[in-house]
Amino acid sequence: MSEPFIKLSGVRKTYKTRGQEFLAVSEVTFDVNIGELISIVGPSGCGKTTVLKILAGIHSHEEGTVSIGNDTNPFDPTKDIGMVFQQPLLLKWRRILENVLLPAEILGLPLKESRERAQYLLKMVGLEGFEKKFPDELSGGMQQRTAIARALIHDPKLILMDEPFGALDALTREKMNLELLRIWKESQKTILFVTHGIQEAVFLGNRVIVLTSGPARMADNIAIDLPYPRLLEIKTHESFGSYTRHIYKHLDME
Amino acid sequence: MNDISKTARRYAWIVLVHLMVVVLWQFGVTFSGIPDYVMPTPEATVLSLGEDYGWVHNTFITAAEVFGGYCLAVIVGVSLALIFNWFKIIETLAMPLMISLNMIPKVALGPLFIVWFSYGVDSNILIAFSICFLPILLTMERGLKEVDPDLIDLVRILKASRWQIFMKIQLPGSLPYLFSGMKVAVVLAVAGAIVGEFIASEEGLGYLMLQVQVTLDTAAMFMAVLLITLIGVILYGLVLLLEYLIVGQNSKETSV
Ligand SMILES: Nc1ncnc2c1ncn2[C@@H]1O[C@H](COP(=O)(O)OP(=O)(O)O)[C@@H](O)[C@H]1O
Ligand SMILES: [Mg+2]
């Protein structure tokens, strides 16, 4: 096995607001290999978003080390991160295709190739034929698919997703979970998927990192030994149940 | 097809209701025996255009004041909003002042403007400007700020420049806000120009109204009000057209 793609070790972060210090993340340590889909699960306010933002380079941290990239997979923090938030954050005056193109425009990538890639990505996320629509004309799930295509447009190595399906209804969410697994397989990206849904975390991840609150501490780092492609019925399997029960215990005890 | 006939029907109703009011007005006045100097008929109102009141000249003067004050307000309001947005320190210092200014009933400043700039078209333009530039400034300022912080994070990762964020996200996002402020400002600009003419002037529809009031030519006063309204409606229509051209149809969802 080569060196991990991402290495976090002993990461600690305090927020300072109005003279008050607030310890949000403490002693977070985990590795991610290239091509993995890692779920990060924990209760609201436990510091999941903070961990992602530290990885994205938006937030600083005062202790520990964060390194992304290795010899075979060099990492450029500007060009190699695609981010998806809970809200689709689309620009409503831009058509779907133009929304997907935003990162390419900012990075100054060649326009013609980018348009072709945007078209290809929209097809991949199941939005072929919607290129010319405006965001208002699409459902919440479709808007979030657009946001995923936008995160992929500049072909980044790492996709950071912060509760991307948290605002969707339960059925759409399950459908999007299946879609995400397909997109992951097709695009072969490394994905960090933050959620507070334990089932969702186990269903998607080849590993689940469990954070407990006040401050975010690593409670566990579990390999999920369920074969891909995963279909919804694995949620009824005995081993799926034992994984979720195991995580519930972590979160209930603290 | 269906859409077009629906729209046509809606417009037909609008025209019909207005016509009905005019007809009711005409017959109401004729049969009730209300004297002409209290309530002229629509017919008399239109006929007053035949009087030698310099209608065309006065209408152009008022229109010039309204359009002049309004354009000035858009230029100054938008520029200030941009400056405030680009230089936070200026915003911090000036914004409380703007809010206080907003509380002053600008009509009350009319007499002062006349003292400072003497009377005439220029000072009426200034009164129209002063009364309508704050809504433009305040809505634009708010529109520029109305950006989701997560979206800013998203483009910061890509090392978007301040200019890129401004051009691609802030400015287009602020336009629906700006236009909502500009629509409010139309009515205010008209009111400002007329108030200026009421206070002191030698021309314009407001001036004309005071002149014919003396002779109790109520029909001409009605006509003047109609023409003032028409100026406002035309300006409003132009703003709508501009909004359609710049923001496009997808702006229909946005309102402040
Ligand atoms: N910019 C900030 N300033 C101060 N406190 C913050 C800031 N961002 C988050 N926090 C606090 O840090 C904790 C963790 O937040 P977050 O990482 O958003 O949690 P999660 O994503 O798991 O819900 C929360 O208690 C939150 O109130
Ligand atoms: Mg969060």
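So, a few notes on the structure that sits alongside this text. (Residues numbered from 1 in each chain as written. Chains lettered and ligands numbered in written order. Predicted model: local features only at pLDDT ≥ 70, side-chain atom pairs only at ≥ 80, totals over all residues. Heavy atoms only, no water.)

**A word on the overall build of chain A**
Just so we agree on the cut-off: The helix count covers DSSP runs of H or I at least four residues long, the strand count covers runs of E at least two residues long, and both are numbered beginning at the N terminus. Accessibility here uses a 1.4 Å probe with only protein chains present; expressed as a share of the type maximum, an area under 20% marks a residue as buried, one over 50% as exposed, and anything in between as partly exposed. Contacts between residues were defined by any pair of non-hydrogen atoms, one from each residue, lying within 4.5 Å. Surface accessibility in these figures is a Shrake-Rupley result with a 1.4 Å probe; residues are shielded only by whichever protein chains are displayed.
Per the secondary structure count, chain A includes 7 helices and 9 strands. Seen along its three principal axes, the alpha-carbon backbone of chain A occupies a region of about 50 × 45 × 40 Å. In chain A, which comprises 254 residues, the share counted as buried stands at 54%. Taking all contacts inside chain A whose residues are at least 6 apart in sequence as the whole, residues at least 24 apart take part in 72%. Accessible area of chain A: about 11,500 Å², with a carbon and sulfur share of 51%.

**Here we look at the side chain of N73(A)**
Residue and element names in this part refer to chain A. Quick note on the threshold: In protein, a polar contact requires one atom able to donate a hydrogen and another able to accept it; more generally it is a pair of N or O atoms within 3.5 Å, and residues adjacent in sequence count only if both atoms are side-chain atoms.
Among the secondary structure elements, N73 is positioned in the loop between strand 4 (63–68) and strand 5 (81–84). Separated by 3.4 Å, the side chains of N73 and T72 make a polar contact. The contacts of N73, once residues within four sequence positions are left out, are F5, I34 and K157.

**So, the packing of aromatic side chains**
How we decide: Only rings of Phe, Tyr and Trp enter the pairing, Trp through its six-membered ring, and a pair is recorded when the two centres are within 6.5 Å. The plane angle decides the type: under 30 degrees is stacked, over 60 is edge-to-face, the rest tilted. Note on geometry: a ring has a charge over it if NZ (lysine) or CZ (arginine) is within 6 Å of the ring centre and within 35 degrees of the ring normal.
Within this structure, the stated rule accounts for 13 aromatic pairs over all chains. Judged by centre distance (6.1 Å) and plane angle (50 degrees), the ring pair of W86(B) and W163(B) falls under tilted. Here W163(B) lies in helix 8 (residues 162–199) and W86(B) lies in helix 3 (residues 55–86), a separation of 77 residues in the sequence. Consider the rings of F129(B) and F133(B), whose centres lie 5.0 Å apart with planes at 15 degrees: the pair is stacked. Taken together, the positions of F129(B) and F133(B), both in helix 6 (residues 121–145) and 4 residues apart, correspond to about one turn of that helix. Three or more aromatic residues link up through ring pairs in this structure, and these residues are W86(B), W163(B) and F166(B). Against the face of Y228(A) rests R230(A), its NZ or CZ located 4.0 Å from the ring centre. One cation-aromatic arrangement involves R162(B) over W86(B); the distance from NZ or CZ to the ring centre is 4.7 Å.

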